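Listed below, chain by chain, are the residues.
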Amino acid sequence: MVIFSVNLKMAFIDAGSDNGEIIDAKHLKSLIAVRKRFLKSDMELASVRFFTHAEDVSAEIDNGALHTGILEGIMKTLILYSSRDGQTKKIAEFMAQYLEGEVMVSPLMEEQDLQVFDRVIIGASVRYGHFNKQVYRFVERHHELLNAKSAVFFGVGLTARKEGKDTPEGNVYVRKFLQRIKWTPAKVGVFAGALLYPRYKWIDRVMIQLIMKITNGETDTTKEIEYTDWGKVKAFAESLNS
């Protein structure tokens, strides 16, 4: 049992006592992130205590030594992704590793409860110059809440493999998308995707090969090339923690 005490606000989570449940790594990471956040703030971290058995904690609570409650400050983040061939999903899952607090990664669906999350991040891929229509419908439906929560957006596409087209200002598809919606993201990222010829349907393989030829890209349909700059994705994720 791990107890965090911050100005008499307690958060305790059972890490495997006889009477408790084993928590997963994400929850442990959340508590570590909260501790780091308080250490950086003006709030004083009073104590960190470790208990072997749940009954020891109960005894401490009964005699008034511990004041229990929910520790405020754990950021809950939802990352939604709209992915055609899996690269946007891969980026979303990678990004989750570098975000503080509790992070949930989920495919974007029009019926989704955003209220319970402090932060929302939406990632979407471009195909043939357009984002999936489902993304537009989702944003239209939830734009007020997305604006209220200062939600974040990132776009993924092959054009972003080129310098100058890997920014919100330089990427025409992301720029047009932002102009057409009622939501103004608090932050926007643009990441290069992956060229996955063997996984495409025949018509997509032909069309994408033609587009790549026009844009001086790879045309060998036996190849799979990942253009994503993972260092850039990491930096973007970490910038959201500040």
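Residues numbered from 1 in each chain as written. Predicted model: local features only at pLDDT ≥ 70, side-chain atom pairs only at ≥ 80, totals over all residues. Heavy atoms only, no water.

In this section: the nonpolar core. Membership of the largest hydrophobic core comes to 23 residues, with the highest contact counts inside it found for Leu80, Ile122, Leu146, Phe153 and Trp183. Listing elements by their share of this core, those giving two or more residues are β4 (76–82), β6 (119–127), α4 (133–148), α5 (172–180) and β9 (187–192). In this structure Trp183 touches Ile122, Val139, His143, Leu146, Asn147, Ala151, Val152 and Phe153, once residues within four positions along its chain are discounted. Within the second largest apolar cluster, 18 residues are counted, among which are Ile79, Ala96, Leu99 and Ile121. (Core = buried A, V, L, I, M, F, W, Y, C linked by side-chain atoms within 4.5 Å. Buried < 20%, exposed > 50% of the residue type's maximum accessible area, 1.4 Å probe, protein only. Helix = DSSP H or I, 4+ residues; strand = E, 2+ residues; numbered from the N terminus. Contact = heavy atoms within 4.5 Å.)

Next up on the list: the pattern of salt bridges. Taken as a whole and judged by the stated rule, the model has eight salt bridges. Of the charged contacts in the structure, one is a salt bridge between Arg127 and Asp85, with a shortest N-O distance of 2.2 Å. A residue pair is termed long-range when its members are at least 10 positions apart, and Arg127 in strand β6 and Asp85 in the loop between β4 and α3 (87–96) qualify at 42 residues. One network of salt bridges, with partners in common, ties together Asp85, Arg127 and Asp204. (Salt bridge = Lys/Arg side-chain N within 4 Å of Asp/Glu carboxyl O.)

What follows is about the confidence of the model for the protein. Summary statistics for the protein give a mean pLDDT of 79 and a share of 70% for residues scoring 70 or more. Predicted confidence in the protein is weakest over strand β1 (residues 2–6), with a mean pLDDT of 39, and strongest over β9, with 98. In this model, residues 37–55 is a region of pLDDT below 50 whose contacts with residues beyond four sequence positions or in other chains number 44 contacts. The low-confidence segment residues 65–72 (pLDDT under 50) makes 24 contacts with residues lying over four places distant or belonging to another chain. (pLDDT = per-residue confidence, 0-100.)

Before going further, it helps to spend a moment on the side chain of Gln87. Mapped onto the elements of the fold, Gln87 is located in helix α3. We classify Gln87 as buried; its relative accessible area is 9%. With sequence-adjacent residues up to four places away left out, Gln87 is seen in contact with Gly193, Ala194, Glu226, Thr228 and Trp230.

All right, on to the packing of α3 against helix α7 (residues 230–239) then. Two elements in contact, α3 and α7, have axes whose closest approach is 9 Å; the angle formed by their N-to-C orientations is 50°. One way to sum up the angle between α3 and α7 is to call them oblique. Note that α3 runs across α7; the crossing there is right-handed. Here α3 contributes Gln87, Lys90, Ile91, Phe94 and Met95 to the contact with α7, which in turn contributes Trp230, Val233, Lys234, Phe236 and Ala237. Residue composition of the contact of α3 with α7, grouped by class: seven nonpolar, one polar and two charged. (Axes fitted to C-alpha atoms, helices over the stretch in contact; angles between N-to-C directions. Parallel < 35°, antiparallel > 145°, perpendicular 65-115°, else oblique. Left-handed = near helix turned anticlockwise from the far one by under 90°. Nonpolar A, V, L, I, M, F, W, Y, C, P; charged D, E, K, R; others polar.)

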